[in-house]
Amino acid sequence: MNLNSIPAFQDNYIWVLNDETGRCLIVDPGDAAPVLEAIKANNWHPEAILLTHHHNDHVGGVAELVKSYPNIDVYGPKETHNKGATKIVSDGDQIHILNQDFHVFATPGHTLGHVCFYSAPWLFCGDTLFSGGCGRLFEGTPAQMYQSLQSINTLPEETLICCAHEYTLSNMKFALSVLPHDLFINEYYREVKELRAKKQMTLPTTLKKERQINLFLRTDDIDLIDEISKETKLLQSEQRFAWLRSKKDNF
């Protein structure tokens, strides 16, 4: 299987997995035009679309793709039913596409119905986990997003985090503002800064890397706890997550 990324809008990535015969699946196609161009250029044969949540920059291209490929299956959570999903999935479901088993698990927070699709080593996590960050809480609570990230964090360290936005540089600037002397964060910030200066993408990342540099996965880290304690005493991991998310919202 080959993993491909298609840039869309200002900072979105539409992910495509294809096998050796050209059969492919498409993840979160917010815009149909670049996907159709890539399909033609690579002689792909689309068999399925996976939707993580209902926001338009993830579903806006579904109708046009379905128009071009009327037999394509569109998998998504209940909140995507009126966005083109034809096969509704929920937590614990398993779907079989391109001879791969994809495990569906609920990751509420960014939206209430957000789901992730996992087939080792790929995790298509939409707007739940980003490299160095996590999604804004448009519908869910900090507690929900914290638990969603904990679910992701149970996966193997070699898991490839295929998130939907190129937010890594701004996320690492925030991480540095919180833990300016952290060696992992400083090293990764320099690496990301260099990549972005060359207009190169920073994704996919690995869960191993995120455990080192992503503050939202490090809420039990003693250095982070000490830093937060300078401002307020928060005894629970979920509280520290909420503090971080609030800081990031206003960064």
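Residues numbered from 1 in each chain as written. Predicted model: local features only at pLDDT ≥ 70, side-chain atom pairs only at ≥ 80, totals over all residues. Heavy atoms only, no water.

What about the overall build of the protein chain?
Logical step 1: Looking only at helices and strands, one finds 9 helices and 14 strands in the protein chain.
Logical step 2: Here the protein chain has a C-alpha radius of gyration of 18 Å; the compact-globule value for 251 residues is 18 Å, and the two agree.
Logical step 3: Judged by the C-alpha coordinates and their principal axes, the protein chain covers about 55 × 40 × 30 Å.
Logical step 4: For the protein chain, the residues scored as buried account for 52% of the 251 residues in total.
Logical step 5: For the protein chain, restricting intrachain contacts to residue pairs at least 6 apart in sequence, the fraction spanning at least 24 positions comes to 60%.
Logical step 6: As presented, the protein chain carries roughly 11,500 Å² of accessible surface, and 48% of it is formed by carbon and sulfur atoms.
Logical step 7: Positive and negative charge centroids in the protein chain, built from 23 and 32 side chains respectively, lie 6 Å apart. (Helix = DSSP H or I, 4+ residues; strand = E, 2+ residues; numbered from the N terminus. Rg over C-alpha atoms; globule rule 2.2 N^0.38 Å. Buried < 20%, exposed > 50% of the residue type's maximum accessible area, 1.4 Å probe, protein only. Contact = heavy atoms within 4.5 Å. Areas by Shrake-Rupley, 256 points an atom, 1.4 Å probe, with all protein chains shown as cover. Lys, Arg positive; Asp, Glu negative; His and termini not counted. Charge placed at Lys NZ, Arg CZ, Asp CG, Glu CD.)

Thoughts on the pattern of salt bridges
Logical step 1: As enumerated under the stated definition, the model contains 11 salt bridges in all.
Logical step 2: For Glu227, the salt bridge identified is with Lys230, shortest N-O distance 3.2 Å.
Logical step 3: Residue class for Glu227 comes out partly exposed when judged on its relative accessible area of 26%.
Logical step 4: Where Lys247 meets Glu231, a salt bridge forms, and the shortest distance between an N and an O atom there is 3.0 Å. With Lys247 in helix 9 (residues 237–249) and Glu231 in the loop between helix 8 (222–229) and helix 9, this residue pair connects regions lying 16 residues apart in the sequence.
Logical step 5: With a relative accessible area of 34%, Lys247 lands in the partly exposed category.
Logical step 6: Sharing partners across several salt bridges, the network here consists of Asp19, Arg23 and Glu47. (Salt bridge = Lys/Arg side-chain N within 4 Å of Asp/Glu carboxyl O.)

Comments concerning the packing of aromatic side chains
Aromatic ring pairs: the centre-centre distance and the angle between the two ring planes describe each pair.
Logical step 1: A full pass over the atoms with the stated rule returns 6 aromatic pairs.
Logical step 2: Ring centres 4.9 Å apart and planes at 75 degrees place the aromatic pair Phe130 and Tyr167 in the edge-to-face group. Taken as a pair, Phe130 in strand 11 (residues 129–130) and Tyr167 in the loop between strand 13 (160–163) and helix 5 (168–178) lie far apart in primary sequence, 37 residues in all.
Logical step 3: An aromatic cluster of at least three residues, connected via ring pairs, comprises Tyr146, Phe174, Phe216, Phe241 and Phe251. (Phe/Tyr/Trp six-rings, centres within 6.5 Å; stacked < 30°, edge-to-face > 60°.)

Details of the domain arrangement of the protein chain
Logical step 1: Along its sequence, the protein chain is organised into domain 1 (2–162) and domain 2 (167–250).
Logical step 2: Put simply, the middle of domain 1 and the middle of domain 2, counted by C-alpha atoms, are 24 Å apart.
Logical step 3: Opposite the 30 residues of domain 1 that make contact, domain 2 presents 26 residues.
Logical step 4: Counting each side, the surface lost to burial between domain 1 and domain 2 is near 2,500 Å², with a carbon and sulfur contribution of 61%.
Logical step 5: There are 1 salt bridge connecting domain 1 and domain 2.
Logical step 6: A salt bridge links Asp249 to Arg136; its shortest N-O distance comes to 3.3 Å.
Logical step 7: Taken together, the links from domain 1 to domain 2 amount to 16 residue pairs in polar contact (both at pLDDT 80 or more).
Logical step 8: The biggest single contributor to the side of domain 1 that touches domain 2 is helix 4 (residues 142–152), with 7 residues. (Domains from an automatic or database assignment. Buried area = accessible area lost by both parts, 1.4 Å probe. Polar contact = N/O pair within 3.5 Å; in protein donor to acceptor, adjacent residues only side chain to side chain.)

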